[in-house]
Amino acid sequence: MGEAAAIPQPKPGVMDIAAYVPGRSKAAPGVRLFKLSSNETPLGPSPLARQAFAAASARLEDYPDGSATALREAIGAAHGLNPANIVCGNGSDELLGLLASTYLAPGDEAIHTEHGFLVYHIATLAAGARPVVVPETDRTADVDAILGAVTGRTRLVFLANPNNPTGTYLPIGEVRRLHAGLPANVVLVLDAAYAEYVRRNDYEAGIELVSASQNVVMTRTFSKIHGLAGLRIGWCYAPAHVVDALNRVRGPFNVNAPAIAAGAAALADRTHVERAVAHNGQWLDWTSQAVRALGLEVTPSVGNFILIHFPDEDGRRAPQADAFLTARGYVLRAVAAYGFPNALRMTIGTEEANRGVVAALAEFLG
Ligand SMILES: *Cc1c(COP(=O)(O)O)cnc(C)c1O
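Everything numeric here is computed off the predicted structure, so don't read it as measured data.

K.L.:
Quick one: what's the story with the domain arrangement of the chain, residue by residue and with numbers?
P.N.:
Segmenting the chain into domains produces domain 1 (4-44 + 271-365) and domain 2 (47-268). With centres defined by C-alpha atoms, the gap from domain 1 to domain 2 works out at 23 Å. Taking both partners together, domain 1 and domain 2 bury about 2800 Å²; carbon and sulfur atoms supply 66% of that area. Summed over the shared surface of domain 1 and domain 2, the number is two salt bridges. The greatest single-element share of the side of domain 1 that touches domain 2, amounting to eight residues, is contributed by helix α10 (residues 270-293).

Structure representation (structure tokens):
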């Protein structure tokens, strides 16, 4: 036998993964917490979603509907999509992982951009494939750079639009140009987790592009605007052949019953969604301007968060700001793992939270 001391080894790639570190959720002891670290909504979920969740607790002994039919039909109705082209997941993170494990084999390549969402890197390595990281321009995905990185081994391109943690986006014309330049056997994954928040005439989440092609998938989530991050609900809209492949690979009951019920109910509450969009629009603008007025650079964002850049000066850098804010209950997100060692990402919160962060930053900069 030899190798008596050997222990089981994960397949190649797994030990190259730096485990995802979620946003912190604790302030200093005794200090009131304002959690602005994971892009959750300050408005919480719709009361209709809470009621549906509570009602589902009466039947926890039953397996959920493995095809999440009620949820897919509600999504289809809300977005004008054929439910047959929708796959639901345990958060959109699960779908991103499923796309990687379905389309990537060892030796294959998946492209994501320099400051792209970290889950793409992790999912690619977990599938045993090679992540190809492409530079951005002005902290924004660069279509020519992505197309220039395509090789005969490329199987997937991941694009968060808008991107987290930068908050920048590509207009739909640029997304179309990207798609037009990709070989037909490459899947373009458009992660539109923040689509509902975007107020730009040249933005589209990608629904028409999915409908009109065979190699585009759009992923969405209930974790952000719908305020259901704790339930883990995501979905994708994809061509029939992709749906067929994902349904073979996914867990048979990957979305739980309370999640199916609450997600469908959340979609029915348009007023709640509109309120969340309006709140974010107002406070995204206010907070961006107020932080800039303190002399800090803020990357222009179309999402529900902003990336704040700190001066390269002793005592005024991002880690010190993070400690200062945390001591006062304002928990933002350190983003060194995204290539921003001197920036913090702040989720747009309640009026009280936003004003509180700006006041604390003013004090910090002194
Ligand atoms: C928050 C976020 C998601 C959503 O993840 P879930 O697993 O659905 O909670 C997906 N993509 C990006 C870019 C995000 O920021």
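This is not the end of the story, as more comes after the structure.
K.L.:
Run through the packing of helix α3 (residues 92-103) against helix α8 (residues 240-249), naming residues and quoting values.
P.N.:
Interhelical geometry of α3 versus α8 gives an angle of 95° and a closest axis separation of 10 Å. Regarding the angle of α3 to α8, the classification is roughly perpendicular. Mapping the contact onto sequence places Leu98, Leu99, Ser101, Thr102 and Tyr103 in α3 and His241, Val242, Ala245, Leu246 and Val249 in α8.

K.L.:
I'd like to hear about the side chain of threonine 299, residue by residue, with values.
P.N.:
Its place among the elements puts threonine 299 in strand β9 (residues 297-299). Here the side chain of threonine 299 touches arginine 139 through a polar contact of 3.1 Å, side chain to side chain. Within the local environment of threonine 299, its side chain forms a polar contact with the side chain of histidine 309, the two groups lying 2.7 Å apart. Filtering out sequence-adjacent residues up to four positions away, threonine 299 remains in contact with Arg139, Thr166, Thr168, Arg292, Leu307 and His309.

K.L.:
If you had to explain the site of the ligand to someone new, which residues and values would you point to?
P.N.:
Looking at the ligand, the residues that line it are Gly91, Ser92, Asp93, Phe117, Asn164, Asp191, Ala193, Tyr194, Thr221, Ser223, Lys224 and Arg232. Take serine 92: an N or O atom from its main chain is 2.7 Å from an oxygen atom of the ligand. At a separation of 2.6 Å, an oxygen atom of the ligand approaches a polar side-chain atom of arginine 232. Its residues assigned to classes, the shell around the ligand shows three nonpolar, five polar and four charged.

K.L.:
Now, about the nonpolar core: what can you tell me, with residues and values included?
P.N.:
Core analysis: the largest hydrophobic core is formed by 48 residues, its most contacted members being Leu71, Ile75, Cys88, Phe222, Leu228 and Trp235. Examining the composition of this core, we find that five residues originate from one element, helix α9 (residues 257-268), more than from any other. Setting aside residues up to four positions removed in sequence, cysteine 88 forms contacts with Ala68, Leu71, Arg72, Ile75, Leu95, Gly234, Trp235, Asn254 and Val255.

K.L.:
Give me the lowdown on the side chain of threonine 287, citing residues and values where you can.
P.N.:
Along the chain, the position of threonine 287 falls in helix α10. Engagement of the side chain of threonine 287 in a polar contact is seen with the backbone oxygen of tryptophan 283, the distance being 2.5 Å. The contacts of threonine 287, once residues within four sequence positions are left out, are Ile306, Met346, Ile348, Asn354 and Val358.

K.L.:
I'd like to hear about unusual backbone geometry, residue by residue, with values.
P.N.:
Residues asparagine 161 and proline 162 are joined by a peptide bond in cis, for which omega reads -5°. Locating proline 162 in the fold gives a position in the loop between β5 (154-160) and α6 (172-181). Omega for the bond connecting asparagine 164 with proline 165 falls within 30 degrees of zero, at 15°, which places this linkage in the cis form. Here proline 165 lies in the loop between β5 and α6.

K.L.:
Could you give an account of the pattern of salt bridges, naming the residues involved and the relevant values?
P.N.:
By the definition in use, this model includes 20 salt bridges. Of the charged contacts, one joins glutamate 297 and arginine 139 as a salt bridge, the two residues approaching to 2.8 Å between their closest N and O atoms. Taken together, the residues span a long stretch of sequence, with glutamate 297 in strand β9 and arginine 139 in the loop between β4 (130-134) and α5 (143-148) at a distance of 158 residues. Owing to a relative accessible area of 24%, arginine 139 belongs among the partly exposed residues under this scheme. The partner of aspartate 312 in a salt bridge is arginine 317, with the nearest N and O atoms 3.0 Å apart. The class of aspartate 312 is exposed, set by a relative accessible area of 65%. Note on arginine 317: relative accessible area 27%, which makes it partly exposed. Counted as one network, the salt bridges with shared partners bring together Arg59, Glu61 and Asp62.

K.L.:
Tell me about the sheet that holds β5, and name the residues and values.
P.N.:
Pairing within the open sheet is mixed, and its seven strands lie in the order β2-β8-β7-β6-β5-β3-β4. The sheet is open, and its two borders are formed by β2 (86-89) and β4, each paired with just one other strand. Here the strands of the sheet are splayed against their neighbours by 20° on average, with no regard to which way each runs. Bridge count for strand β7 (residues 216-221) against strand β8 (residues 234-237) is four bridges, and the pairing is antiparallel. The residue bridging methionine 218 from the neighbouring strand is tyrosine 237, located in β8. Contacts from helix α4 (residues 118-126) reach β3 (109-113), β4, β5 and β6 (187-191), with the element oriented near 150° to β4. Along the sheet, α6 contacts β5, β6 and β7; its crossing angle with β6, the most-contacted strand, is approximately 160°.

K.L.:
Any chance you could break down helix α11 (residues 318-327) for me, citing the residues and the numbers?
P.N.:
The set of residues buried in α11 consists of Ala318, Ala321, Asp322, Phe324, Leu325 and Thr326. Taken together, the buried residues of α11 touch β11 (330-331), β12 (333-335), β13 (340-347) and α12 (351-365). Among the residues trailing α11, glycine 329 stands out with phi positive, at a value near 95°.

Cut-offs used in this document
Residues numbered from 1 in each chain as written. Predicted model: local features only at pLDDT ≥ 70, side-chain atom pairs only at ≥ 80, totals over all residues. Heavy atoms only, no water. Domains from an automatic or database assignment. Buried area = accessible area lost by both parts, 1.4 Å probe. Salt bridge = Lys/Arg side-chain N within 4 Å of Asp/Glu carboxyl O. Helix = DSSP H or I, 4+ residues; strand = E, 2+ residues; numbered from the N terminus. Axes fitted to C-alpha atoms, helices over the stretch in contact; angles between N-to-C directions. Parallel < 35°, antiparallel > 145°, perpendicular 65-115°, else oblique. Contact = heavy atoms within 4.5 Å. Polar contact = N/O pair within 3.5 Å; in protein donor to acceptor, adjacent residues only side chain to side chain. Near = heavy atom within 4 Å. Nonpolar A, V, L, I, M, F, W, Y, C, P; charged D, E, K, R; others polar. Core = buried A, V, L, I, M, F, W, Y, C linked by side-chain atoms within 4.5 Å. Buried < 20%, exposed > 50% of the residue type's maximum accessible area, 1.4 Å probe, protein only. Pairing = 2+ DSSP bridges.

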